[in-house]
Amino acid sequence: MIALILALLADPAPALAPVGVGRFAIYADVTSMEREGDIARMRELQVAETGFKVGDVVYVGGWSRWAFDCRAMTADRLDFASLRADETEGPATPDPAPAYPAAPGGDAAELLAAACAPNKPAETLTLDEAIRRGQAALAD
């Protein structure tokens, strides 16, 4: 019974929509998107290039939670949690920086556009698919 309750309380499997490729491949987690008035919240996956290591640990990227003001066009990254190659997450580290204007062409602006759009993105990927596609895009 306890296992069932814990499973129901866990984050649902992500449904990841491609947002952009720059230093990282960026994906919006459609299952996490919430909107209340002008404020949109969501989780984002950033995928690093294949073989990204810190010390002896291989990472595939990380997760961040964001809050966006859709009217003021500002972005606030709330935290970051690394994602190891074995899909171990975290821990999450809070990002105390204040909200800032989402500059056109930047990751924050692309995420804001996805979070504030009237409809959620239709094309989504699983975590494994997003990692494979993201790393392939970064290799090009």
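Residues numbered from 1 in each chain as written. Predicted model: local features only at pLDDT ≥ 70, side-chain atom pairs only at ≥ 80, totals over all residues. Heavy atoms only, no water.

**Quick word on the overall build of the protein**
- Helix and strand counts for the protein come out as three helices and nine strands.
- Along its sequence from the N terminus, the protein presents helices and strands in the succession α-β-β-β-β-β-β-β-β-β-α-α.
- Since a compact globule built from 140 residues should have a radius of gyration of about 14 Å, the 15 Å found for the protein is in line with a globular shape.
- Along the first, second and third principal axes, the C-alpha set of the protein runs to 45 × 40 × 30 Å.
- When each of the 140 residues of the protein is scored for burial, the buried share is 38%.
- Restricting to contacts in the protein with at least 6 residues of sequence separation, those with at least 24 account for 51%.
- Entry remark: accessible area of the protein is about 8,100 Å², with carbon and sulfur atoms responsible for 57%.
- Taking the average location of the 12 positive side-chain charges in the protein and that of its 21 negative ones, the two points are 1 Å from each other. (Helix = DSSP H or I, 4+ residues; strand = E, 2+ residues; numbered from the N terminus. Rg over C-alpha atoms; globule rule 2.2 N^0.38 Å. Buried < 20%, exposed > 50% of the residue type's maximum accessible area, 1.4 Å probe, protein only. Contact = heavy atoms within 4.5 Å. Areas by Shrake-Rupley, 256 points an atom, 1.4 Å probe, with all protein chains shown as cover. Lys, Arg positive; Asp, Glu negative; His and termini not counted. Charge placed at Lys NZ, Arg CZ, Asp CG, Glu CD.)

**Things to note about the packing of aromatic side chains**
- A full pass over the atoms with the stated rule returns one aromatic pair.
- With 5.5 Å between their ring centres and 5° between their planes, Trp66 and Phe68 make a pair best called stacked.
- Judged by relative accessible area, which is 5%, Trp66 ranks as buried.
- Residue class for Phe68 comes out buried when judged on its relative accessible area of 1%. (Phe/Tyr/Trp six-rings, centres within 6.5 Å; stacked < 30°, edge-to-face > 60°.)

**Some thoughts on the side chain of Glu44**
- Position of Glu44 among the secondary structure elements: in strand S3 (residues 39-47).
- Buried and unpaired, Glu44 has no salt bridge, with Arg77 as the nearest side chain of opposite charge at 4.8 Å.
- Polar side-chain contacts of Glu44 include one of 2.9 Å to the side chain of Trp66. (Salt bridge = Lys/Arg side-chain N within 4 Å of Asp/Glu carboxyl O. Polar contact = N/O pair within 3.5 Å; in protein donor to acceptor, adjacent residues only side chain to side chain.)

**Things to note about the pairing of strand S8 (residues 89-94)**
- Of the pairings in the sheet, the one linking strand S7 (residues 79-84) to S8 comprises four bridges and is antiparallel in character. Within the sheet, the bridge partner assigned to Ala81 lies in S8 and is Ala92. (Pairing = 2+ DSSP bridges.)

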